[in-house]
Structures are given as structure tokens and as C-alpha cells.
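Listed below, chain by chain, are the residues.
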Amino acid sequence: MKKTLIAALTLAAASFAQAQSASYAIDPTHTFVTYEISHFGTSTNRGRFDKKEGTVTLDKAAKTGKVEITFDIASVNTGVGPMDAHLKGDDFFAAAKFPTAKFVGDKFVFNGDKVSEVSGQLTLKDKTNPVTLKATQFNCYQNPMLKREVCGGDFEATIDRTQWGIDYGLAWGFPKNVKLVIQVEAVRQ
């Protein structure tokens, strides 16, 4: 009897702990990984990666989480075919050698019940460096069409592209700093 009670309490505690943590799948139709870089100080070049996937684990009560987003380098899209081809080449992303990039964030900062910052590691061209994404907005809501909770927000960071071996154009005045803008929505599973 005592063993049964202990087993039941252990199972209940494990179920409660799991209930606090929720898993979400990245919605690729509402998630975009984009970048912005100054073009000789006159305008801003922008591009995005059209193919991406990932997961989020979020524990609002414990104020912890983990996010993993993988994006397909060959899906880079600036709207200009020749520029896309150049970006996929060895001067920039070397998509044939390094077909994916990945961000894994496991340090979440909350402001009340909203995620305000996610710190982790960005792996690009087989090099991994720390990146902190700051939320400009974050929210969870009950999606009326899916009948499930959706959480997401807009996150930004400025990175030094040379940390990943992308130094093309520095001698001509292209900046090394690139702004990442990540719009993400994830559906509770």
C-alpha cells in the first residue's frame, strides 16, 4: 500500500511538472527570419530565409524555455535573383557546404508573463557564437481557427557577421553589423 501511494504521488508530481511546460511547433506561415544591412549608408538591403522549422518549449510558471529554429540557407530571398545566387555562394553563406543555420536559445528572460529576451547560440557556416534576441513584442493567445494556444513575438539582435566568417565587402565600406529580425509564432502541441 505504501509503495502504491508513493508511486501515485511520484506520478502525480511528474504529471504536474509536465503540465507546467508546454511544447509548441513553429508555424512556418507566421515565422520569418530576416536580416537588414546598410548599403553604403544610402538604403537598407533586406533578405529572408523562406524555409524554416523548429520547436519551442515554454514554462510560463517557472519562467523558462527553449527554442530551436533551423533555416535553410538555400531559401535566402531578397527578391533579386542574381543577389540571391551571390548570397548562396562562397562569398557569403556557402549554401552548398553549409545548407542550414540554427539558433538554439535556452536562456529566457521574462517581463511579467511575457518573454522579453532569449539568449542562445547561432550556428552558421559551421561556426557557433552567442546571440541575444530582444523581444519588441510577445503574446500568447487562443487561436480561434486552430482552437489551440499560439505564442509568439518579434525579436531583434544586431550581430557581427565576421564572427561567422562572412566578411565580403568590408574593404568597400559594407558594415560588419547585421540586424536580425525574427518574427515567430508557434502552435501548442
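Quantities reported herein were computed from a predicted structural model and do not represent experimental measurements.

S.K.: It is not clear to me how the environment of F40 should be interpreted in this structure. Could you clarify?
M.R.: Locating F40 in the fold gives a position in the loop between β2 (32-39) and β3 (43-49). With near-sequence residues (within four places) excluded, F40 lies in contact with W172 and F174.

S.K.: Please clarify how the state of the cysteines should be interpreted in this entry.
M.R.: Every disulfide links exactly two cysteines, by a covalent bond between their sulfur atoms. Using the criterion set out here, one finds 1 disulfide in the structure. In this model C140 forms its disulfide with C151; the gap between the sulfur atoms is 2.0 Å. Looking down the S-S bond of the C140 and C151 bridge, the torsion is 115 degrees, so its handedness is right-handed. Here C151 lies in strand β10 (residues 148-160) and C140 lies in strand β9 (residues 127-143), a separation of 11 residues in the sequence.

S.K.: What exactly am I supposed to notice about the pairing of β3 here?
M.R.: Every regular strand shows the same layout, with side chains that alternate between the two sheet faces. Sheet topology note: the β2/β3 ladder contains 7 bridges and is antiparallel. Each residue of the ladder has a partner; that of V33, found in β3, is F49. Bridge analysis of β3 against strand β6 (residues 76-77) gives 2 bridges, and the strand direction is antiparallel. Residue pairing for β6: F49 is matched across the bridge by V76.

S.K.: What's the story with the side chain of D59 in this structure? I'm lost.
M.R.: Within the secondary structure, D59 is located in strand β4 (residues 52-59). A distance of 3.2 Å separates a polar atom in the side chain of D59 from the backbone nitrogen of A61. Polar contacts involving the side chain of D59 include one to the main-chain amide nitrogen of A62, which spans 3.0 Å.

What counts as what
Residues numbered from 1 in each chain as written. Predicted model: local features only at pLDDT ≥ 70, side-chain atom pairs only at ≥ 80, totals over all residues. Heavy atoms only, no water. Helix = DSSP H or I, 4+ residues; strand = E, 2+ residues; numbered from the N terminus. Contact = heavy atoms within 4.5 Å. Disulfide = S-S within 2.5 Å. Pairing = 2+ DSSP bridges. Polar contact = N/O pair within 3.5 Å; in protein donor to acceptor, adjacent residues only side chain to side chain.

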